[in-house]
Amino acid sequence: MATWSAPGKLFLFGEHAVVYGKPGIAMAIRPRVYVTVRKSSHAHHARSLYIEQCFKEMGVRGSVYINSQIPSSSGLGSSGAVTVATLAAINEEFNIGKTIHEIANLAFKIEKKVQKGRASPTDTSVSTYGGMFLILNGERKRLAPQNYQFVIGNSQISHSTSRMVERVAQFKEGDPSICNPIIDAIGGLSYQALQHIHDPIRLGELMDINHALLEALGVGHPALSRLVLACRQTGAYGAKITGAGGGGCMVALAPKNLKGRVAGAIEVFDGRAIITSLDCEGLRREEEG
Ligand code: MEV
């Protein structure tokens, strides 16, 4: 029996713009998914296309048990985390000998197949390696870890990343003279954020601007706007949609002494709050017992 865990991911800046080769900042965060795999001739798989593909690609059969603390379909990278943790657990249980880089690459291949070509490597890379990254042209550059606390608000409105990516693509095709400057501006914000990474007040302002630009791109949702406003009113430095939008989650950067108040405001406005911070560990082997 082998158990591995992997963290979720959070886009701090640049979602959607990264699809067009602009920079973004993404990081691993503490809700984790735990996956246990056991050799077994009677395969007991969770009903998940991702897990099915993991066993298929590794060429083995076994049982799997998943304990996920990451809400699914919320923009926090749950499918990427499940895929990398399942591959790592299969790798150990069946002594397959793949490296961590091979696991990250295979996880991306599986995400792409299940999501019919629409996946980006961000989720699987962040979940595999942990830490904070600048994403640029599909490449990632590791950034120095930051000791910030974030409050995530899950609107519990289900959304589809591929539909939101498609919506932006249609906007870009139909109205390039309006859409392209918005995408450029979002890319510019990621560079600004890098320059002010130690200044939470400036980062909060940049998050607010990024949120407005995401709304202008057409990926907002009234439930997300309510949560973002509630966080700002209770003292967050800034708040924005995180992930594809249209539902799913928002994230606020809050002073440490106000994080409980900000989380409370999210709950008052029908969201589910998660207080989190950077997870520098990526894939992790879990001891038994
Ligand atoms: C989704 O979490 C972020 C998007 O930029 C798509 C992607 O980068 O895979 C919308």
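The preceding data block contains the structure.
Residues numbered from 1 in each chain as written. Predicted model: local features only at pLDDT ≥ 70, side-chain atom pairs only at ≥ 80, totals over all residues. Heavy atoms only, no water.

1. Regarding the overall build of the protein
Looking only at helices and strands, the protein has nine helices and 10 strands in total. The globule rule puts the C-alpha radius of gyration for 289 residues at 19 Å, and the 19 Å found for the protein is close to it. Along the first, second and third principal axes, the C-alpha atoms of the protein reach 55 × 45 × 35 Å. Considering the protein as a whole, with its 289 residues, one finds that 55% of them fall into the buried category. Of the accessible surface of the protein, which amounts to about 12,600 Å², a share of 50% is contributed by carbon and sulfur atoms. Within the protein, the 24 negative side-chain charges are centred at a point lying 2 Å from the centre of the 31 positive side-chain charges. (Helix = DSSP H or I, 4+ residues; strand = E, 2+ residues; numbered from the N terminus. Rg over C-alpha atoms; globule rule 2.2 N^0.38 Å. Buried < 20%, exposed > 50% of the residue type's maximum accessible area, 1.4 Å probe, protein only. Areas by Shrake-Rupley, 256 points an atom, 1.4 Å probe, with all protein chains shown as cover. Lys, Arg positive; Asp, Glu negative; His and termini not counted. Charge placed at Lys NZ, Arg CZ, Asp CG, Glu CD.)

2. Overview of the environment of Asp-208
In this fold, Asp-208 is placed in helix 7 (residues 200–217). A C-alpha to C-alpha distance of 9.3 Å links Asp-208 and Ile-241, two positions 33 residues apart in sequence. Excluding residues that lie within four positions of it along the chain, Asp-208 makes contacts with Arg-232, Tyr-237, Gly-238 and Ala-239. A distance of 2.8 Å separates a polar atom in the side chain of Asp-208 from a polar atom in the side chain of Arg-232. (Contact = heavy atoms within 4.5 Å. Polar contact = N/O pair within 3.5 Å; in protein donor to acceptor, adjacent residues only side chain to side chain.)

3. With respect to the site of the ligand
Taken together, Lys-9, Phe-11, Glu-15, His-16, Val-18, Val-19, Ser-120, Gly-243 and Ala-244 form the complete shell of residues around the ligand. The side chain of Lys-9 places a nitrogen or oxygen atom 3.0 Å from an oxygen atom of the ligand. Summarising the interface, the protein chains cover 94% of the accessible area of the ligand, which totals 290 Å² for the free molecule. Spatially, the ligand is embedded in the largest pocket. In terms of residue class, the shell around the ligand is built from four nonpolar, three polar and two charged. (Near = heavy atom within 4 Å. 1 Å grid on protein atoms, 1.4 Å probe; cavity = no way out; pocket = protein on both sides within 12 Å on 5 of 7 lines; lining within 4 Å. Sits in = over half its atoms within 2 Å of the grid points. Nonpolar A, V, L, I, M, F, W, Y, C, P; charged D, E, K, R; others polar.)

4. Quick notes on the pattern of salt bridges
Summed over the entire model, instances satisfying the criterion amount to 13 salt bridges. The partner of Lys-109 in a salt bridge is Glu-57, with the nearest N and O atoms 3.2 Å apart. Of this pair, Lys-109 sits in helix 3 (residues 100–114) while Glu-57 sits in helix 1 (residues 49–58); the two residues are 52 residues apart in sequence, bridging distant segments of the chain. Here Lys-109 falls in the partly exposed class, since its relative accessible area comes to 45%. Here Glu-57 falls in the partly exposed class, since its relative accessible area comes to 27%. Glu-92 is paired through a salt bridge with Arg-285; the nearest N and O atoms lie 3.0 Å apart. Residue Glu-92 is found in helix 2 (residues 78–93), and its partner Arg-285 is found in strand 10 (residues 284–286); the two are separated by 193 residues along the sequence. (Salt bridge = Lys/Arg side-chain N within 4 Å of Asp/Glu carboxyl O.)

Any link to function would need more than the numbers given here.
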